[in-house]
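# Fold and geometry: a report
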Amino acid sequence: MKRLSSLMLAVLSLVLTYSTVSPALYAATPQAEAYYAQAMQAYEQKGFLQAANLFQKAAEADNSYVDAWFNLGAVQYRLNKFEDARNAFQKALWRSPNDNEIRYNLGASLAKLGRNTEALDQFYKIPSTHPKYNEALTQITSIKNATVVKQPTWTKPTQVAKTTKTNVNAVAVSGSGLYARGLVGPTGIAVGPNGELYVANYTKNNIVRILPNGNQSTITQGGLINGPIGLVRDPRNGNLYVANYISGDVVSITPSGTVNTLKKGYGKPYYLYFDALTNRLFVSEQEGNQVSVIKL
């Protein structure tokens with residue numbers, strides 16, 4: 001198994017090279033290996049669309065196949081599909097959080113999307129001992145020279161959410177099947193007492209409410225919502241609690257739409273669990289490999 005080469009910097013612009021690195025150590029399933037081998041062959045023959053499709057199949061056949069996700073990102077980047085590349089590199093990094101080659105490529109994809117604050121967050125985490133460190137420094141300098149990076153909006157103490165219409169389409173079903181489409185990077189889900197569904201959109205930094213009749217709205221977007229993943233509802237007061245993966249904090253959203261920061265300083269908070277019996281909110285942290293608790 002081989003990875004395609006990482007993204008290289010040339011005259012301050014990102015380009016892909018086509019060499020390979022040493023064989024990977026992960027033993028994927030036979031089906032995933034077969035797709036992966038076909039993808040590499042297609043790539044070497046410059047059949048990039050076919051390679052992307054086959055790398056996708058390899059990743060789906062073995063969801064833990066980091067190199068398949070990585071190479072999918074590399075090919076999508078080669079095709080100038082930077083959002084698809086970002087998504088693939090993000091999935092690779094979730095599965096291998098200490099891999100700074102993946103982190104660099106994720107940062108490069110974010111930079112291409114103009115998401116400079118998130119790109120800088122990735123580049124800053126690359127240690128000085130890593131081969132990509134100097135390229136990361138060049139990237140940081142390039143971004144800072146080209147743009148004025150705003151302070152993260154999560155430093156605000158409070159925020160009043162605005163309810164707006166979205167393009168999410170809900171499909172009412174009585175049993176199994178499609179319920180809603182049109183979301184962008186959906187992650188956490190919570191259900192209200194009247195059947196309303198709340199969904200965290202990681203990519204768009206918003207929380208969407210979908211009613212049983214199909215009506216939907218964005219209850220809050222941006223501001224204190226920065227990389228939402230974990231989502232849970234407090235049945236006692238109707239508050240929503242959101243774990244922000246990017247800004248490393250947990251916020252609350254009241255039924256009236258006020259957003260407040262509950263606590264900062266988490267290392268990539270991911271999943272939330274609310275225990276109504278003890279009035280405690282549990283937070284899993286990927287970066288620290290630990291679970292923290294907030295007494296509400």
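Sequence positions are assigned chain by chain, starting from 1 and proceeding in written order. In view of the model being predicted, local features appear only for residues whose pLDDT reaches at least 70, and side-chain atom pairs are presented and counted only at 80 or more, with totals across whole chains, interfaces and linings using the full set of residues. Hydrogens and water molecules were not included; the side-chain quantities draw on all heavy atoms of the structure.

## A few points about the overall build of the chain
Here a strand is any run of E in DSSP of at least two residues, a helix any run of H or I of at least four, and the numbering for each starts at the N terminus. Broken down by element type, the chain carries seven helices and 16 strands. Buried residues in the chain amount to 47% of all 296 residues. Contacts were defined at the residue level, with two residues in contact if any of their heavy atoms lie within 4.5 Å. Residue pairs in contact within the chain that sit at least 24 positions apart in sequence constitute 46% of those at least 6 positions apart. The accessible surface values rely on the Shrake-Rupley method and a 1.4 Å probe; as for residues, cover is taken only from the protein chains in view. Of the roughly 14400 Å² that the chain leaves accessible, carbon and sulfur atoms contribute 52%. Three exposure classes are used, based on accessible area relative to the maximum for each residue type with a 1.4 Å probe and protein chains only: buried under 20%, partly exposed in between, and exposed over 50%.

## A word on helix H6 (residues 116-124)
Listed in full, the buried residues belonging to H6 are Asn-116, Glu-118, Ala-119, Leu-120, Gln-122 and Phe-123. Contacts from the buried residues of H6 go to helix H4 (82-95), helix H5 (100-112) and helix H7 (133-146).

## A closer look at the packing of aromatic side chains
Side-chain rings of Phe, Tyr and Trp, where Trp is taken by its six-membered ring, are said to pair if the distance between their centres is within 6.5 Å; with planes under 30 degrees apart they count as stacked, over 60 as edge-to-face, and otherwise as tilted. As enumerated under the stated definition, the model contains 12 aromatic pairs in all. Ring geometry for Tyr-241 and Phe-274: centres 6.1 Å apart, planes at 45 degrees, overall tilted. Residue Tyr-241 is found in strand E11 (residues 240-244), and its partner Phe-274 is found in strand E14 (residues 269-275); the two are separated by 33 residues along the sequence. Accessibility classification places Tyr-241 together with Phe-274 in one group, the buried group. One aromatic cluster is present, built from ring pairs that chain together Trp-94, Tyr-202, Tyr-245 and Tyr-270. Only Lys NZ and Arg CZ are tested; either one counts as a charge over a ring when it is within 6 Å of the ring centre and within 35 degrees of the ring normal. The ring of Tyr-104 carries the charged tip of Lys-132 above its face, separated from the ring centre by 4.4 Å.

Everything listed is a geometric property; what it means functionally is a separate question.
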